[in-house]
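Residues per chain are reported as follows:
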Amino acid sequence: MYKKTVAELLAALADRTISSVELTGLFLARIERHAGLNAYITLEPERALADARAADALRLQGGDAPLLGVPIAHKDIFCTEGVRTTCGSRMLESFIAPYDATVTARLKAAGAVLLGKTNMDEFAMGSSNETSYFGPVANPWDTGRVPGGSSGGSAVAVAAGLAAAATGTDTGGSIRQPAALCGITGLKPSYGRVSRYGMIAFASSLDQGGPMTRSAEDAALMLQAMAGFDPRDSTSVDRVVPDYRATLGRSLKGLKIGVPTQFFGEGLSPDVRHGIEQALDVYRGLGARIVDVELPNSRLALPCYYVLAPCEASSNLARYDGVRYGYRTPGHESLIDMYKKTRAEGFGAEVKRRILIGTYALSAGYFDAYYVKSLRLRRLITEDFAHAFERCDVIAGPTAPSTAFPLQAKTDDPVAMYLNDIYTIPVNLAGLPAVSLPVGFDRLGLPVGLQLIGRYFDEPLLLNVAHGYQQETDWHRHFPPEFE
Ligand code: GLN
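Note that the structure is a prediction, hence the values are computed from the model and not measured.

**Examining the side chain of Asn-129**
Okay, step 1: Looking at the element boundaries, Asn-129 is found in the loop between β3 (113-118) and α5 (152-159).
Okay, step 2: Of the residues examined, Asn-129 reaches a relative accessible area of 0% and is grouped as buried.
Okay, step 3: Among the polar contacts made by the side chain of Asn-129, one reaches the main-chain amide nitrogen of Gly-152 at a distance of 3.1 Å.

Next up, the structure:
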């Protein structure tokens, strides 16, 4: 049962093959057995079982809801009323959120049962889950390797059968890259599709929440519950939410897939390249046409992002001052001393690095040279995509330059770590939707992820293109053998 998709679990719950209480108990037992993966920061067993009982009771009375009784997990960046919400930081180690994020509330209303909160890089800054105050997460395909990040805990929860599905957030790749490294499906929706209300802010013009699942169909089911206009998020877009599942299964004949030459240059592992080429062959077999496209400014995406994201972070993280909530240093002599010690003790090294970079880049004298210039680059990168989409319907390429790397391999070299997101960051800068799906394994048996990028709000096409591949292949059905 723990290997089944959400779609299959909903069918099993509907025909009473299993109850939500049984299913929830099964996942809770697996989480305990595989606690060494460190996928969760906080577990909510009693609450989960109570919610599961309520879901079963509702179903017995003939009631229904889109995800009724399905056990899921939230990245610990989403506020959950009455439940600890740490964002992977010492700063929020004992913070109990007083309200639900819109995503949390919507999934609750859709009937999903919350198992707990998943591990993540501190304030979502990282690509390996190693900046978490709560320790690293192990990749179930090789426990000596990272799961990717920052949504590493959610990726592992789904990959190792510790939740039926999970939420993640993606500022520069944090849904897609861990999905790729763990062999699952991860969708970053269009900017504005999913409300950011109650989602702890990292870089507000880039952050977007989305689903991490076993299949594209499950991503459609989860997105259906998560998406939609929210007056409490001023960047949420008031646009009809289509029926994402209804458009799955349409023929891919005549589909034009654009392949950017810039995504196959130096730095791409040969095994990943091979996996992507094979996936493109599958699409050819399904009647799609592969065309070359150019994203000439994509090489500027990484420097552009590593100015803009830290700038926004330095502003967003100013709220953690020890006064209103979160950590406060025990010993201090004055107010200023309290601020300084609180922030020195509450934040980890990577978060401090970002705050320093951002504060520097935004200071008078440097603002135009760094921040304004990066905004201009962002526009060029966005326009590249617009031109590319004149020639194709979706863009395809690798999600990450390599498969999962060993723990600690890149912790001393921030730039090597930042390079993990070279193919995902341009998409956030442009605000486009993109999905990563598993398309095979490298020579070491580690999953390879294909990234598909769509036009604004074209999640229906994107999900259908991913689903078409998953109807033809079974890579998404593979399960890490040690966790069977
Ligand atoms: N790895 C990137 C960073 O460290 C992206 C993180 C994210 O998407 N949250 O900023």
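Moving on from the coordinates now.
**Here we look at the site of the ligand**
Okay, step 1: The environment of the ligand is formed by 15 residues, the closest being Gly-172, Ser-174, Tyr-305, Arg-354 and Asp-421.
Okay, step 2: A distance of 2.6 Å separates an oxygen atom of the ligand from a polar atom in the backbone of Gly-172.
Okay, step 3: Contact between the ligand and Gly-173: an oxygen atom at 3.2 Å from a main-chain N or O atom of the residue.
Okay, step 4: Class assignment for the residues of the shell around the ligand results in five nonpolar, seven polar and three charged.

**Focus on the environment of Gln-262**
Okay, step 1: Inspection of the secondary structure assignment puts Gln-262 in the loop between β7 (256-260) and α8 (270-285).
Okay, step 2: Sequence-wise, Gln-262 and Ile-72 are 190 residues apart; in three dimensions their C-alpha atoms are separated by 37 Å.
Okay, step 3: Each residue touching Gln-262, except ones within four places of it in the same chain, is listed here: Val-293, Glu-294, Leu-295, Pro-296 and Ser-298.

**Considerations on the side chain of Arg-196**
Okay, step 1: Structurally, Arg-196 is set in the loop between β5 (185-188) and β6 (208-213).
Okay, step 2: A relative accessible area of 16% places Arg-196 in the buried class.
Okay, step 3: Only 2.9 Å separates the side chain of Arg-196 from the side chain of Thr-235, close enough to count as a polar contact.
Okay, step 4: Aside from chain neighbours lying at most four places away, what touches Arg-196 is Tyr-191, Ser-204, Asp-207, Gln-208, Asp-233 and Thr-235.

**What about the pairing of β5?**
Okay, step 1: The alternating pattern of β5 places Thr-185 and Leu-187 and Gly-186 and Lys-188 on opposite faces, both of which are buried.
Okay, step 2: Inspection of the sheet shows β5 paired to β6 by two bridges, in the antiparallel sense. Note that in β6 the partner of Thr-185 across the bridge is Thr-213.
Okay, step 3: With three bridges joining them, β5 and strand β10 (residues 434-441) adopt antiparallel strand pairing. Looking at the pairing, Lys-188 lines up with Ala-434 of β10.

**Considering the packing of α8 against helix α15 (residues 459-472)**
Okay, step 1: One can describe the packing of α8 onto α15 by two numbers: an axis separation of 10 Å at closest approach and a directional angle of 90 degrees. Judged on the interaxial angle alone, α15 and α8 are roughly perpendicular. Mapping the contact onto sequence places Ala-279, Val-282 and Tyr-283 in α8 and Val-465, Ala-466, Tyr-469 and Glu-472 in α15.
Okay, step 2: Grouping the constituent residues of the contact of α8 with α15 by class yields six nonpolar, no polar and one charged.

**Looking at the environment of Ala-105**
Okay, step 1: Relative to the elements of secondary structure, Ala-105 occurs in helix α4 (residues 102-109).
Okay, step 2: A relative accessible area of 31% places Ala-105 in the partly exposed class.
Okay, step 3: Separated by 25 residues in the primary sequence, Ala-105 and Thr-80 place their C-alpha atoms 8.3 Å from one another.

**What to know about the nonpolar core**
Note that soluble globular proteins tend to have their nonpolar side chains buried in a common cluster.
Okay, step 1: Residues Leu-67, Phe-123, Tyr-283, Phe-385 and Leu-452 are the most contacted members of the largest nonpolar core, which totals 144 residues.
Okay, step 2: Looking at this core, the element that brings in the most residues is helix α9 (residues 301-316), giving ten residues.
Okay, step 3: What Phe-123 contacts, discounting residues up to four positions off in sequence, is Cys-87, Ser-89, Met-91, Leu-92, Ile-200, Phe-202, Leu-317, Tyr-320, Phe-347 and Val-351.

**Quick word on unusual backbone geometry**
Okay, step 1: Geometrically, the link from Gly-149 to Ser-150 is a cis peptide bond, its omega value of 10 degrees lying close to zero.
Okay, step 2: Along the chain, Ser-150 falls in the loop between β3 and α5.
Okay, step 3: One non-glycine residue, Ala-124, adopts positive backbone phi at about 65 degrees.
Okay, step 4: Summarising the element assignment, Ala-124 is placed in the loop between β3 and α5.
Okay, step 5: Given the relative accessible area of 4%, Ala-124 is considered buried.
Okay, step 6: Of note in the backbone geometry, Asn-129 takes a positive phi value of approximately 65 degrees without being a glycine.

Cut-offs used in this document
- Residues numbered from 1 in each chain as written.
- Predicted model: local features only at pLDDT ≥ 70, side-chain atom pairs only at ≥ 80, totals over all residues.
- Heavy atoms only, no water.
- Helix = DSSP H or I, 4+ residues; strand = E, 2+ residues; numbered from the N terminus.
- Buried < 20%, exposed > 50% of the residue type's maximum accessible area, 1.4 Å probe, protein only.
- Polar contact = N/O pair within 3.5 Å; in protein donor to acceptor, adjacent residues only side chain to side chain.
- Near = heavy atom within 4 Å.
- Nonpolar A, V, L, I, M, F, W, Y, C, P; charged D, E, K, R; others polar.
- Contact = heavy atoms within 4.5 Å.
- Pairing = 2+ DSSP bridges.
- Axes fitted to C-alpha atoms, helices over the stretch in contact; angles between N-to-C directions.
- Parallel < 35°, antiparallel > 145°, perpendicular 65-115°, else oblique.
- Core = buried A, V, L, I, M, F, W, Y, C linked by side-chain atoms within 4.5 Å.

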